[in-house]
Amino acid sequence: MAADITTYDKALKDVYGGAPIKELNDATPLWNYIKKTSRGFDGRQFVIATHGRRNQQIGARALTGAGIPDKSDQDREGIDNATFKPTQLLGVIHLEHSLMESTRTNEGAFVRALRFEVESMASNFAVDFDRQIGGNGDGILTACGTTSASTSVVVTDSVYLETGMGVDVIVSSDGTTGTGAVGRYVSSITSTTVFVISGAAITTDSTYAVYRAGSRNNEVNGVQNMVKGSAAFGGLNPATAGQEYWQSYIDSTTTTVTEKAFQKLFEAPQEQKRGGGGKPNLAMTTFGVRRSYQDTLVALKRFTAAPLRLVGGWEALDFNGLPIFADRFYKAKRIDFLTTKNLFFLQTRDPHWVEEDGSILKWVADKVAFKGIYAWLVQFGTDARNAHSAGTTFTES
């Protein structure tokens with residue numbers, strides 16, 4: 001009988017390719033575009049003085065017998081303080097000594113474990129931070145639906161969840177566990193509205209939400225609570241007399257994307273009575289809203305297939321010379337027009353490996369293993385809330 005491949009199976013070699021092929025989306029457009037606005041600080045909190053009221057001792061008078069404007073409660077400029085406290089973002093890598101030994105050479109593994117873990121942590125940190133600054137600081141990844149004693153958890157949208165992610169499923173209003181669970185992880189994601197949770201079955205309704213484990217109300221500020229027409233931010237509240245200026249222009253009714261609608265948002269910081277004089281130089285939105293804008297350009301025969309190419313390799317559509325970026329983490333139907341000179345990251349220093357003891361890797365007690373801690377004390381803020389605007393109800397294409 002002639003020799004065939006089965007006969008020689010044990011003599012044939014396995015030929016492996018190079019480094020693992022990247023299957024994860026690491027794009028972080030919002031973070032990459034505005035991270036250059038960071039400000040360093042030390043101490044308990046960062047305080048910004050805001051000039052929000054004018055001296056109103058001004059008035060016209062008759063030519064004779066006129067008195068000067070002298071209303072005692074109108075004779076001074078109004079200064080307020082916006083305050084921002086940092087939050088602590090942490091990431092941990094864990095490696096057994098045997099793994100590190102086995103992956104020291106190219107012949108032994110696709111990647112060297114230590115280098116791969118260290119580089120990946122920096123990338124993972126950036127991805128999650130990009131998600132956070134597109135949010136509102138509460139840490140909610142998704143709201144829950146009705147789940148009755150099951151490990152298949154119904155949610156509004158599973159887009160922010162990933163397999164292996166540590167999660168808490170708790171009551172969003174007060175953080176209690178109730179019939180949910182804490183310290184579990186995502187076993188799998190079975191649809192856009194269902195994920196499987198590790199451990200025992202849980203029960204939820206719309207009062208529950210999913211968070212990264214331990215992160216409820218501990219994430220940094222995001223554009224959703226910063227660019228807003230109401231509610232306190234940084235200790236100032238537009239509902240307080242004299243602080244009415246501390247709000248953004250929000251269009252919450254327009255659904256159709258038009259150039260006119262976008263133009264109004266673009267001009268709002270300069271046009272509104274208490275506008276901060278900001279001139280937006282960046283628009284952030286979803287892919288769906290950007291496609292809707294693209295459709296209007298096609299209809300007007302003004303669309304070009306060549307988008308703006310910006311520093312860092314990012315691409316964007318153009319509106320009045322202003323780039324419109326799409327971010328997969330952005331809230332559906334929303335677009336923000338941002339004045340980046342009025343945005344900032346407060347940080348003690350850049351993200352870093354904790355090495356105050358002189359070593360990045362720490363010995364794990366009673367284990368032949370090591371761990372490393374990646375840390376960042378940071379907060380996202382603005383010194384002029386009225387320098388930004390947003391539309392929140394645009395139809396996606």
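Residues numbered from 1 in each chain as written. Predicted model: local features only at pLDDT ≥ 70, side-chain atom pairs only at ≥ 80, totals over all residues. Heavy atoms only, no water.

Chemist: So what's going on with the nonpolar core? Residues and values would help.
Modeler: F129, I133, L338, F345 and F380 are the most contacted members of the largest nonpolar core, which has 43 residues in total. Per-element tally for this core: the top contributor is helix α3 (residues 113-133), with six residues. Among all residues touching F129, those that are not within four sequence positions of it are W31, L89, V220, F345, W376 and V378. Membership of the second largest hydrophobic core comes to 19 residues, among which are Y160, V171, A181 and I202. (Core = buried A, V, L, I, M, F, W, Y, C linked by side-chain atoms within 4.5 Å. Buried < 20%, exposed > 50% of the residue type's maximum accessible area, 1.4 Å probe, protein only. Helix = DSSP H or I, 4+ residues; strand = E, 2+ residues; numbered from the N terminus. Contact = heavy atoms within 4.5 Å.)

Chemist: Explain the pattern of salt bridges to me, using residue names and the numbers behind them.
Modeler: On inspection of all chains with the given rule, the structure shows seven salt bridges. Notably, a salt bridge pairs R131 with E219, separated by 2.6 Å at the nearest N-O pair. Of the two residues, R131 is situated in helix α3 and E219 in the loop between β12 (208-212) and α4 (223-226); the sequence distance between them amounts to 88 residues. As far as the burial class goes, R131 and E219 line up, both buried. (Salt bridge = Lys/Arg side-chain N within 4 Å of Asp/Glu carboxyl O.)

Chemist: Summarise α3; cite the residues concerned and give the values.
Modeler: Look at α3: 30 Å from first C-alpha to last across 21 residues, which is about the 30 Å you get at 1.5 Å a residue. Taken together, the buried positions of α3 are A113, S120, M121, F125, A126, V127, D128, F129, D130, R131, Q132 and I133. (Expected span 1.5 Å × (residues − 1).)

Chemist: Any details on the sheet that holds strand β8 (residues 166-171)? Residues and values, ideally.
Modeler: Here we have six strands laid out as an open sheet, ordered β5-β12-β8-β9-β10-β7, and antiparallel in their pairing. Whereas interior strands pair on both sides, the edge strands pair on one side only; in this sheet they are β5 (140-143) and β7 (152-154). Taking the axes of each pair of neighbouring strands and ignoring which way they run, one obtains an average angle of 45° across the sheet. Here β7 pairs with strand β10 (residues 194-197) via three bridges, running antiparallel. Bridging from a neighbouring strand, S152 pairs with V196 of β10. (Pairing = 2+ DSSP bridges. Axes fitted to C-alpha atoms, helices over the stretch in contact; angles between N-to-C directions.)

Chemist: So, helix α5 (residues 259-271): which residues are in play, and what are the values?
Modeler: With 13 residues, α5 extends 17 Å from end C-alpha to end C-alpha; this agrees with the ideal 18 Å at 1.5 Å per step. The largest bend along α5 measures about 30° and falls at L265, with the proline P269 one to four residues further on. Those residues of α5 lying buried are A261, F262, L265, F266, A268 and P269. (Bend = angle between axes of the 7 residues up to and from the residue.)

Chemist: Please set out the pairing of β12 residue by residue, giving values where relevant.
Modeler: Note on strand geometry: in a regular strand, side chains alternate between the two faces of the sheet. Judged by how many residues are buried, β12 sits mostly within the fold: four of five residues are covered. Here β5 runs beside β12; their pairing, made up of three bridges, is antiparallel. Paired with A143 across the strands is A209, a residue of β12. Where β8 meets β12, five bridges bridge the pair, whose relative direction is antiparallel. Looking at the pairing, V169 lines up with V210 of β12.

None of this, on its own, says anything about what the molecule does.
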